[in-house]
Amino acid sequence: MRGASVSYIFPIYNETGNIPLLYQRVCEATADLPYDIELLFVNDGSADASLALLLDLQEHDDRVTVIDFARNYGHQLAVTAGLDAATGDAVIVMDSDLQDPPAVSRELLERWEDGYDVVYAQRRTRQDTAFKKATAAIFYKVLQKVSEIDIPPNTGDFRLLDRRVVEEIKKFREHDRFIRGMVSYIGFKQTAVQFDRDERFAGVTGYPLRKMLKLAADGILGFSTFPLTVISRMGFAAAGLSLLGVIYALYMKLFVPEAVIEGWTFIVIAVLFMGGLQLIMLGILGGYVGRIYKQVQNRPLYGVRNVYASHKVSRGTKN
Ligand code: UDP
Ligand code: MG
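Residues numbered from 1 in each chain as written. Chains lettered and ligands numbered in written order. Predicted model: local features only at pLDDT ≥ 70, side-chain atom pairs only at ≥ 80, totals over all residues. Heavy atoms only, no water.

*Asks:* Which residues make up the overall build of the protein, and what are the values?
*Replies:* Each helix and strand counted, the protein has ten helices and seven strands in total. Relative to its length of 319 residues, the protein is extended, with a C-alpha radius of gyration of 26 Å against a globular reference of 20 Å. With the C-alpha coordinates of the protein rotated into their principal frame, the extents come out at 95 × 55 × 35 Å. Among the 319 residues that make up the protein, the fraction classed as buried is 44%. Of all intrachain contacts in the protein linking residues separated by at least 6 positions in sequence, the fraction that spans at least 24 positions is 81%. On the protein, roughly 17,100 Å² of surface is accessible, and the fraction owed to carbon and sulfur atoms is 61%. (Helix = DSSP H or I, 4+ residues; strand = E, 2+ residues; numbered from the N terminus. Rg over C-alpha atoms; globule rule 2.2 N^0.38 Å. Buried < 20%, exposed > 50% of the residue type's maximum accessible area, 1.4 Å probe, protein only. Contact = heavy atoms within 4.5 Å. Areas by Shrake-Rupley, 256 points an atom, 1.4 Å probe, with all protein chains shown as cover.)

*Asks:* Describe the packing of aromatic side chains, listing the residues and the values that go with them.
*Replies:* Counted under the stated rule, the structure contains eleven aromatic pairs. Ring centres of F10 and F41 lie 5.0 Å apart, and the angle between their planes is 25 degrees; on these two criteria the pair is classed as stacked. In this pair, F10 is assigned in strand β1 (residues 5–12) and F41 in strand β2 (residues 36–43), connecting sequence segments 31 residues apart. Given a relative accessible area of 0%, F10 falls into the buried group. In this structure F41 comes out as buried when scored by relative accessible area, which is 1%. For the pair F172 and Y185, a centre-to-centre distance of 5.9 Å together with 90 degrees between the ring planes defines the contact as edge-to-face. (Phe/Tyr/Trp six-rings, centres within 6.5 Å; stacked < 30°, edge-to-face > 60°.)

*Asks:* How would you sum up the pairing of strand β5 (residues 118–126)? Please name residues and give values.
*Replies:* Counted residue by residue, β5 has seven buried out of nine residues, so it is predominantly covered. Inspection of the sheet shows β5 paired to strand β7 (residues 190–197) by eight bridges, in the parallel sense. Among the inter-strand pairings, T125 is bridged to a residue of β7, identified as D196. (Pairing = 2+ DSSP bridges.)

*Asks:* Report on the pattern of salt bridges, specifying residues and quantitative values.
*Replies:* This structure, assessed with the given rule, holds 19 salt bridges. Across the pair D97 and R200 runs a salt bridge whose closest N-O atoms are separated by 3.3 Å. Linking D97 in the loop between β4 (90–93) and α4 (104–113) with R200 in the loop between β7 and α8 (209–223), this pair joins segments that are 103 residues apart in sequence. We classify D97 as buried; its relative accessible area is 3%. A salt bridge links R111 to D114; the nearest nitrogen and oxygen atoms lie 3.2 Å apart. Put simply, E15, D97 and R200 are held in one network by salt bridges that share partners. (Salt bridge = Lys/Arg side-chain N within 4 Å of Asp/Glu carboxyl O.)

*Asks:* Lay out unusual backbone geometry with the relevant residues and their values.
*Replies:* Backbone geometry follows two general trends: most residues other than glycine have a negative phi, and most peptide bonds adopt the trans configuration. The phi torsion at F188 lies on the positive side, around 70 degrees, for a residue other than glycine. Note that F188 resides in the loop between α7 (179–186) and β7. With a relative accessible area of 14%, F188 lands in the buried category. The phi angle at N298 is positive, at roughly 55 degrees, despite the residue not being glycine. Mapped onto the elements, N298 comes out in the segment after α10 (264–297).

Okay, here's the thing in structure tokens:
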């Protein structure tokens, strides 16, 4: 689509070694595209010379915008700031360490032109440690099982979002964010483009295990109240078992009284009964807490792709 604009969002955390080549690759990939290009770099509290490099780019290239965070807020918030600031009709989010090849963004744009609202880049192959691959696989299996969202396997945050999707995502103001979950949750016409994920070009990962676990927790807790329902399930299981225990205690008391110590029956019944009762009650509380949690997340209730009415279409279609 001629005349359309496209924003690229690059979260930057200590990427000095990558910025020059990243910029060069992005320039190559976008040189002959018929769009107005915007390059949004979000400096997420880098401790190295990243900011100076970015400001230098900004000085020489007016497509470049630099958002400088006051400290390191984390990748998901850096991407959020980019989405909030982006002006493009399509927005492309990618990592800045060249693991997501800028050239692939051209394929994302092609599918966007085909009419898709979300085009995610799916890893055909991946150069990561066996540990990272295995933990990621387990995480996505669990998330699939317990949550209401369906995240395509082997995708990160490298994806293209149509303006209408960005507007919906901007309504998600929760603090602990899992953006790829939000994108799955919101719907729209989604498709995948396959690519081979390279190794990080320079520098070290900004995602140590601690941050990975936090992201995994945000994904599961943010899109599922399943852990809370586990409590009441355990409660009912414990109550069922305690009923057996009660029957056993009464049987002993009535039919084998010589084997039973004075007071044993009462204590056993009381302990089992109270244990089961408490877990069931906790489960009920969990049910309410889950609803409160959903309410305070304050998410949009639904996303509208288009409104068709006889007088006009409420929001411009993109072609
Ligand atoms: N990143 C960020 N803030 C952080 C950690 C990472 O903005 O606190 C950026 C980083 O610069 C990169 C992207 O997020 O552009 C992905 O991070 P990284 O490559 O370190 O993660 P990995 O690929 O190892 O999972
Ligand atoms: Mg990386």
